[in-house]
Amino acid sequence: MIERNNVVVSGSPQGRTVVFVHGFGCDQSMWRDVTPAFEADHRVVLYDLTGMGQSDLSAYDVARYDRLDAHAEDLLAILTEIDAHNAVVVGHSVGATIAVLAANEVMTEGTGRIGELILVSPSPCFYTDEEAGYAGGFARRDLEDLVKMLEDNHLGWSMQLAPTIAGQSADEVQADRLTQSFCRTDPGIAQHFGRVTFLGDHRADFEHLAAPSLVLHCDADALVPMTVAEWMRDRVPGTRVHVLNATGHCPHMTVPADVVAAMRDHLGEV
Amino acid sequence: MPDAGGVDRREVLVQLIDDAPCGIVSTDPDGRIQYLNSTLRKWLGGSPEVELKRFPDFLTGAGQLFYETHMAPMMRLQGFIREISCALDRRDAEPLPVLLSGVVRRNEAGEPTRFDYTIFDASERHAYEEELRVARRNADELAAIIRSSPNAIVRVDAGGRIGSWNAGAERLTGQGLASVLNKPIQDVIRLDARSAWFDEAIRDYAGSGEVVFEAQSALGLDFEVTLTPINEYNPTQTSVNWSVVLRDITQRKRAERHLNVMVGEMKHRVNNTLAVVSGIARQSLPKEHTPRFIARLRALAQAHEALAQSGSSGAELRQVLEFSAQEAGGAERFAVHGPDIWLSPQQSASLSMAFHELVTNGLKYGALSVPEGRVDVTYEWEDAMTSQEADTARRLAITWVESGGPPVAQPTRQGFGTKMIGTVLAAELDAEVTFDYRSTGFRCEIVFAPLTPD
């Protein structure tokens, strides 16, 4: 389990456990500007979702990972393995949804492994459901196009191109390619995980969230409109929505200091 | 600084960037556009409002998702992205497929200050790639069909040397492709102890269609072998390749052989039965009747034998009528005139049944019911062939004429015999049958197209 998901534990072994769950399209390295702030007084746990980053790609069973619950089960297995109690789970985007599913399961089982959640740019459902008056931000069509686009981006011919941008020599490109290790994704898995991530609807899971949570929402998030943040404020039990002044979908990368401050404030650790 | 030609060097550079054959866009680390060259403006449709916009806003919905979840994090983590395939969302036109590359510029402290992107029009590439994808999918599908076929499917060159072979061929021979590659197929798969079956089959090829034959392998398996030239467009290929398909028909051949044995056994039993009948006749009938009865029985047996022997390949029309003549009482009462006509097994069976009915009718009610009565059967080709008819098979007219019998009256209802003749011959031979109840004697005409002898 520890090896399969490339689990990396750092920080203070006596501190409270904080587990970081990355989102679609990347891996645990996207937390690199946030985690150092917690290492002095927390046990920091990073891992790659099965099928992503440096995880064991052969463990990605398409049938099993057809539901996000499988990733939630993986998270619970990691928490058990490292014997976490009352842990803080920090999830970004689809990682937040995985954290919600895991927390609900923990409450059912009564293991007490998860204490609370910090949800960074979460979205219970990316597409608009007009009947329910839910503005998810995208039409289903766009999301299906994305899945197709993931196929386009892994055909191989693009490798033949010479450097296409100023500021990089051909040698550099080669070097980059050899050392490139961020956000590595198998094309087939990326496509499948993209489908599961963006075409899933987890509003009911959010509405029955069984753990206290903090939602960090960017005021200019290109993927999650403010209406979704308002929906969570009104519908998710025991949550507090904190709006960050940030653009894009990854505040932990663009405004890491603000994210750290909001998290510490929420955890009463200012 | 003006150069020798008096043009500002800086101005030249700006111009080069502005009308570069690719789109160039520069943003702040949050994606807000700071510079956009005219090539990209043109692609986006005239002069879009770019101020205060973010670069991902000009991508399709899918592109925005990919930008936020993958491209932007990648830019920050590794400092560049390369050749991402996505599409520009244009105002008044279809989305434009593009390839996007980006690099991060940093300040002295290493903080990202600017994201620069170059964008290439990929519409042609995109269309080509789509074609490739469809072709690959189709090819995969066909390959799967061939892979899982129980038949041995082999590709050989004009000299019969094996180029590829499927799992069916592997199962059949127990040999993998590697061990048979470039070996002559007629050496690898021995058929009928013929060392040159492939060469012979190619020689038999008529220039179109396929060559099909049945043969037995050295291991005792029966095969139906089909050879077809592989017609494909390939300008570098000077000689034709062949597909060779071997279908295991061992079971069918076994059944056929079994059937042949059964037919032989049947003939034998019929002959035995006829022998037993003549034995009984000899013992039961008054002496003066016995020789005549035995003769008829023997004629019947002979006719039966003749038919049974030629059963698989067909029979002569005369031979079929010979049998009827025996039934009718001999050649003196039953005359046959006509050329040599070869019938298929089915035609001879149907006609002999029809003639049997006609003879029976004649014996019961017609000319054959009295000693002076007789039957004349004449058959000839229908001569008058128009050019239109020349395409269809030539037709034969058989005329059955009874004479010397009791006066004939038009029957009030159709008997079983005539009904059967009409139905069977129409259905099996596509024949036209006419009955003519003349007072001087019954007549019947059967017109049909016999098997053309080759």
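All residue numbers refer to position in the chain's written sequence, counted from 1. Labels follow written order: the first chain is A, the first ligand is 1, and so on. Reporting in this predicted model follows two pLDDT cut-offs: at least 70 for local features of residues, and 80 or more for side-chain atom pairs to be given and counted; totals over whole chains, interfaces and linings ignore these cut-offs and use all residues.

1. Describing the overall build of chain A
At step 1: Only DSSP runs of H or I reaching four residues or more are called helices, and only runs of E reaching two or more are called strands; each is numbered from the N terminus. A tally of helices and strands in chain A yields 10 helices and seven strands.
At step 2: By definition, residue pairs are in contact when their C-beta atoms, positioned from the backbone, come within 7 Å. Excluding contacts between residues fewer than 6 apart, the proportion of contacts in chain A whose partners are at least 24 apart in sequence is 76%.

2. Here we look at the sheet that holds strand 6 (residues 152-156) of chain B
All names here are of chain B.
At step 1: Strand pairing follows a simple DSSP-based rule, namely that at least 2 bridges must link the two strands. Spatially, five strands are ordered 7-6-10-9-8 in an open sheet, and the strand pairing comes out antiparallel. Here the strands that pair on one side only, and so sit at the sheet edges, are strand 7 (162-165) and strand 8 (211-216). Each strand of the sheet is rotated relative to its neighbour by a mean of 25 degrees, with strand direction disregarded.
At step 2: Inspection of the sheet shows strand 9 (residues 222-230) paired to strand 10 (residues 241-248) by eight bridges, in the antiparallel sense. Axes, fitted as lines to C-alpha atoms, cover a helix only where it is in contact. Angles between the N-to-C directions of the axes lie from 0 to 180 degrees.

3. A look at the confidence of the model for chain B
At step 1: The quantity known as pLDDT measures the predictor's confidence residue by residue, on a range of 0 to 100. Predicted confidence across chain B gives a mean pLDDT of 84, with 89% of residues reaching 70 or more.
At step 2: As scored by the predictor, the complex reaches a pTM of 0.59 and an ipTM of 0.82.

4. Describing the packing of helix 2 (residues 68-81) of chain A against helix 3 (residues 94-109) of chain A
For any two helices packed against each other, the geometry comes down to the angle between their axes and how far apart the axes lie.
Residues and elements named next belong to chain A.
At step 1: Packing of helix 2 against helix 3 brings their axes to within 8 Å, and their N-to-C directions diverge by 65 degrees. The angle between helix 2 and helix 3 falls in the class roughly perpendicular. For helix 2 against helix 3, the interelement crossing comes out right-handed. Contacts from Leu68, Asp69, His71, Ala72, Leu75 and Leu76 of helix 2 reach helix 3 at Thr97, Ile98, Leu101, Ala102, Glu105 and Val106. Oblique is the label for any angle not under 35 degrees, not over 145, and not in the 65 to 115 range, which are roughly parallel, roughly antiparallel and roughly perpendicular in turn. When the near helix sits turned anticlockwise from the far one by under a right angle, the crossing is termed left-handed; a clockwise turn instead gives a right-handed crossing.

5. Regarding the sheet that holds strand 7 (residues 239-247) of chain A
Residues and elements named next belong to chain A.
At step 1: Ordered by their spatial adjacency, seven strands build an open sheet running 1-3-2-4-5-6-7, and the pairing between neighbours is mixed. Here the strands that pair on one side only, and so sit at the sheet edges, are strand 1 (8-11) and strand 7. With direction set aside, neighbouring strand axes in the sheet form an average angle of 20 degrees.

6. A few points about the environment of Arg105(B)
Residues and elements named next belong to chain B.
At step 1: Inspection of the secondary structure assignment puts arginine 105 in strand 4 (residues 96-106).
At step 2: Note: C-alpha distance between arginine 105 and aspartate 28 (77 residues apart in sequence) is 9.7 Å.
At step 3: Setting aside its immediate chain neighbours within four residues, arginine 105 contacts Thr113, Arg114 and Asp116.

7. Notes on the nonpolar core
At step 1: To define a nonpolar core, we join buried Ala, Val, Leu, Ile, Met, Phe, Trp, Tyr and Cys residues through C-beta atoms within 7 Å and take the resulting set. Partly exposed residues are those falling between the two cut-offs: more than 12 but fewer than 20 other C-beta atoms within 10 Å of their own, whereas 20 or more means buried and 12 or fewer means exposed, with C-beta atoms placed from the backbone. Ranked by size, the top nonpolar core spans 103 residues in total, and within it Val89(A), Ala99(A), Ala102(A) and Ala103(A) carry the most contacts.
At step 2: It is helix 3 of chain A that contributes the most residues to this core, nine residues altogether.
At step 3: For Ala99(A), the contacting residues outside a window of four places in its chain are Val21(A), Val89(A), Gly91(A), Leu117(A) and Leu119(A).
At step 4: Grouped together as the second largest cluster of nonpolar side chains are 30 residues, Leu343(B), Ala367(B), Ile398(B) and Phe448(B) included.

8. Section: the packing of helix 11 (residues 317-328) of chain B against helix 12 (residues 345-364) of chain B
Residue and element names in this part refer to chain B.
At step 1: The contact between helix 11 and helix 12 brings their axes to 9 Å, and the two run at 20 degrees. Here helix 11 lies roughly parallel to helix 12, going by the angle between them. The way helix 11 lies across helix 12 gives a crossing that is right-handed. The segment helix 11 lies against helix 12, with Val320, Leu321, Phe323, Ser324, Glu327 and Ala328 engaging Ser348, Leu351, Ser352, Phe355, His356, Val359 and Gly362.
At step 2: Put simply, Ala, Val, Leu, Ile, Met, Phe, Trp, Tyr, Cys and Pro go in the nonpolar bin, Asp, Glu, Lys and Arg in the charged bin, and everything else, Gly too, in the polar bin. Tallied by class, residues from the contact of helix 11 with helix 12 come to seven nonpolar, five polar and one charged.

9. Things to note about helix 8 (residues 197-204) of chain B
Residues and elements named next belong to chain B.
At step 1: Along helix 8, the positions that sit buried rather than exposed are Trp197, Phe198 and Ala201. End-on, the buried residues of helix 8 take up no more than an arc of 95 degrees, which puts them together on one face.
At step 2: Contact partners of the buried residues in helix 8: helix 7 (185-188), strand 8 and strand 9. What the arc describes is the spread of directions from the helix axis to the C-beta atoms.

10. Re the pairing of strand 4 of chain B
All names here are of chain B.
At step 1: Extensive coverage of strand 4 is indicated by the burial of nine of its 11 residues.
At step 2: Pairing analysis gives seven bridges linking strand 3 (residues 80-88) to strand 4, with the strands arranged antiparallel. Each residue of the ladder has a partner; that of leucine 88, found in strand 4, is leucine 96.
At step 3: As paired elements, strand 4 and strand 5 (residues 112-121) share nine bridges and run antiparallel to each other. Of the residues in strand 5, the one forming a bridge with glycine 102 is tyrosine 117.
At step 4: Between strand 4 and strand 5, which follow one another and run antiparallel, lie five residues, and glycine 110 among them has a positive phi close to 85 degrees.

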